[in-house]
Amino acid sequence: MEEIRLRKLEDLKSKGINPYPYKFEITSFIGDVRKKFEKDPPRGVKVVVRGKAKRVSRTEDGYMVRLSEDNVEILVYTKEENLKPGEEYTFEGTLDRVEGKLSVVDAVLSDKTPQSIVQIKAQYDFDPNREKVSLGGRLVALRTMGKAIFGHIQDLTGKIQIYLKKDIVGEEKFSFFNDYIDLGDIIGVKGELFRTNTGELTVEVHDFELLSKCLHPLPEKWHGLKDVEVRYRQRYLDLIANPEARRTFLLRSKLISEIRRFFDERGFVEVETPILQTVASGANAKPFITYHNYLEMNLYLRIAPELYLKRLIVGGFPRVYEIGKNFRNEGVDRTHNPEFTMIEFYAAYWDYNDLIKFTEEFFTHILQRTLGTLKIRYQGTELDFTPPFRKVRYFDLLKEKTGKDKDFFLKDFEGVRNLARELEIAHYEKLTHPKLIDKIFEKVAEEDLVQPTFVIDFPKILSPLAKTHREDPDLVERFELIVATYEVANAYTELNDPADQRERFLEQIKEKEMGDEEAMDMDEDFIRALEYGMPPTAGEGIGIDRLVMLLTDTDTIRDVILFPHLRPG
C-alpha cells in the first residue's frame, strides 16, 4: 500500500504538480460551518417520530433505520427486532447527533402520538441555501458511485461530507481525484453547501486541491485505533482515528481556559515560577536532577512551585496562581505520570476553611461551564458534586477502617509496621514512620472514597509545610479532596513561622537520612523570606490531568496527556 502511494507521489512530481503546496485559503473551520447551520438538541430531550422505514441496517449493537416523512428523513437507532423496509413505525427515543446527523437514539417502538419529522428537522437542521465555502481537512471516508464520489473530510473541529460529480468538476479533475487521492490525504475543497435526503450537511465540490499526500494507510475505519501502545506513541494517529480522543483534548483546553477565567475573576494574579530549581523542595517527591554547564551546579526539575509562590505572598502579592508542569521521578500507573500539570494557588488572609468553600465553588463553576451539570458518570458510578461535599477527619477514617486510634499510629512505630505487614504493603520494612502511615491510609481508606470527600486534619509528621492545627498539636490544618478513590486536590493553612518551618525541614532531612528519597531538602532562602513576614495564608494544588480524567470518564492518566511517558518501544 505504501509503495502505491509513493508511486503516486513520484508521478505527481514528474508531472510538475506539487503535492505539498504552500497555502490554501479556507473560509472557516469545519466545526464553524456546522455550528452555523446546525443546532444540537438539548441534552436528553425525548421525541416520538413516525414514518416509513426506507432502509434497515445492522449496527454493532442493534439497527439503524432511515425513517422518512414526506421525503424528509431522520435516522433511528434501536434494538427492536424484525423491522422491515417499506413498513411504517412509530419510535420514541432521545434526540441527538450521530456522526453529525440528527438522530433518534435508544429508540423503542411506541404507540404515542408522533411529532412531525419535518418540523423536528427544521428546528435543528437549517437550510444552507447553497452558501459558498472553502474548507480544508483530511479525507477519512471515500466511496465512488459511477460518475459521483462521496467522502468525508475532517479537521479537529468536526467532519463534513463532500460530493464530487463529474458533470460539475469536469472529467479531468474527476479522473485526477480517482487516480491520485487516497484516504488520509489532506485536501482543500471549494463549493456550495446543501443537504442530502438524509439531512446530512454536504459540500458540492466545484474545485479541489491536494494539500498533503498521506504515505501510510489510516487505522482501520470501522473500529478506530484500539492498540493503546500505538495510540500513546503515535498520538497523531489516535487524534485522526478516534473522535473520543479529539473530544478529550478539546475539553482539556476548554477546562484550562475556564480555570484561568475563574481565578482571574476572583482577583488572583497568574505568575510563572522557575522550573529549574536549586533546591528540591515544596512537596514530598523524588526529583529529576540535571546539570548546568555554565553555572557548574546541579539543578532540579521542580516537584512543586509552592515555595516560590509563597515568596510572592511575602513580596506583597495577595492572591497568586500558576498553571504549569511539575516533574516527579516516581512510578507510572493509572493516576501517575512523571510529568503532570497542576494549578497551584495561594490566598493571603485565608485558612483551610476558606479553601474548602472555595474548592466547592471552583468545582461548581468548572462542571457547569464545561459539562452543564454537577452530576457526572465516572466508570459506571454517578458522582454528585453538589455542595457541600462530605468531610471526614483523617484519623477518624483510619480508626473506622482499622480499629486503631491516633495514638497508635503516632506513638507505636512497631505496631504500625506490623499492621503494614498484615496489609501486605510493599517494602514496609524499609519505610519510615510517616511513610508507613501514609501507605496504610492509601490502602485502607481511599479505596472507599468515591463521592467527593474532604479528608481533613492530617498528621503533622506527613505535612512539613502546613500550619499546626489550632486545636491539636499532633495535627495540621490540611485537607485532601478525594474523588473516585484518588486525590484530586491537596490544601492547607500555610506554615508562616520561620522557626517552626526550619524545624520541619530538619525533620525532613532526618527522614531522608533514614532512606526516604521523597523527603524535602532545606531551603534557606525560603526560611529567610518567612523571616521578613508572610501574612496568614492558605494554598492549594489541584491536579488538572486527574480532573480531566473525571470529566471525560477516563480510567487512565495516559488518555488525557497528549504525549505520556512510556518505556522505549
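All values reported here derive from a predicted model rather than from experimental measurement.

(A) Examining the overall build of the protein chain more closely. A count of helices and strands for the protein chain gives 17 helices and 23 strands. Each principal axis of the C-alpha distribution contributes one length, and for the protein chain these read about 85 × 65 × 45 Å. In the protein chain, which comprises 569 residues, the proportion classed as buried is 50%. Approximately 27900 Å² of the protein chain is accessible, and the part contributed by carbon and sulfur atoms is 49%. Of note, the protein chain has its 86 positive side-chain charges centred 5 Å away from the centre of its 101 negative side-chain charges.

(B) Representation of the sheet that holds strand β12 (residues 276–277) within the structure. Taken in spatial order, the 3 strands of this open sheet run β12-β14-β13, and their pairing is antiparallel. Only two strands of the sheet have a single partner each, and these edge strands are β12 and β13 (289–292). As paired elements, β13 and strand β14 (residues 297–301) share 4 bridges and run antiparallel to each other. Of the residues in β14, the one forming a bridge with Y291 is N298.

(C) Focus on the sheet that holds strand β3 (residues 72–78). If you trace the 5 strands once around the closed barrel, you get β1-β2-β3-β5-β4, paired in mixed fashion. The mean inter-strand angle of the sheet, taken between neighbouring strand axes irrespective of direction, is 55 degrees. Taken together, the 7 bridges between strand β1 (residues 46–59) and strand β2 (residues 62–69) define a ladder with antiparallel strand orientation. Across the sheet, the residue bridging to R55 is R66, located in β2. Where helix α3 (residues 117–124) meets the sheet, its contacts fall on β1, β2, β3, β4 (88–98) and β5 (101–109), and the angle it forms with β3 comes to roughly 95 degrees.

(D) How the structure looks around helix α14 (residues 433–444). Taking 1.5 Å as the rise per residue, α14 with 12 residues should run 16 Å; its terminal C-alpha atoms sit 17 Å apart, in good agreement. All buried positions along α14 are accounted for by H433, P434, K435, L436, I437, I440, F441 and V444. For α14, the elements touching its buried residues are α11 (394–402), α12 (406–411), α13 (413–422), β20 (453–456) and α15 (498–513).

(E) Inspection of the pattern of salt bridges at higher detail. Summed over the entire model, instances satisfying the criterion amount to 55 salt bridges. We note a salt bridge from E99 to K159, for which the minimum N-O separation is 2.6 Å. Of this pair, E99 sits in the loop between β4 and β5 while K159 is found in strand β8 (residues 158–165), placing the two residues 60 residues apart along the sequence. For E99, a relative accessible area of 54% corresponds to the exposed category. Across the pair E339 and K325 runs a salt bridge, and its minimum N-O distance is 3.8 Å.

(F) Focus on the environment of A484. Relative to the helices and strands, A484 resides in the loop between β21 (478–483) and β22 (486–493). Note on A484: relative accessible area 8%, which makes it buried. The sequence separation of A484 and S257 amounts to 227 residues, and the corresponding C-alpha distance is 24 Å. The contact partners of A484, leaving out residues within four places of it in the chain, are Y378, L383, L449, V450 and L550.

(G) Inspection of the environment of A348 at higher detail. Inspection of the secondary structure puts A348 in strand β16 (residues 339–348). Residues A348 and M534, 186 residues apart in the sequence, show an inter-C-alpha distance of 8.4 Å. Setting aside chain neighbours within four positions, we find A348 in contact with I313, P318, P535, P536 and T537.

About the cut-offs
Residues numbered from 1 in each chain as written. Predicted model: local features only at pLDDT ≥ 70, side-chain atom pairs only at ≥ 80, totals over all residues. Heavy atoms only, no water. Helix = DSSP H or I, 4+ residues; strand = E, 2+ residues; numbered from the N terminus. Buried < 20%, exposed > 50% of the residue type's maximum accessible area, 1.4 Å probe, protein only. Areas by Shrake-Rupley, 256 points an atom, 1.4 Å probe, with all protein chains shown as cover. Lys, Arg positive; Asp, Glu negative; His and termini not counted. Charge placed at Lys NZ, Arg CZ, Asp CG, Glu CD. Pairing = 2+ DSSP bridges. Axes fitted to C-alpha atoms, helices over the stretch in contact; angles between N-to-C directions. Contact = heavy atoms within 4.5 Å. Expected span 1.5 Å × (residues − 1). Salt bridge = Lys/Arg side-chain N within 4 Å of Asp/Glu carboxyl O.

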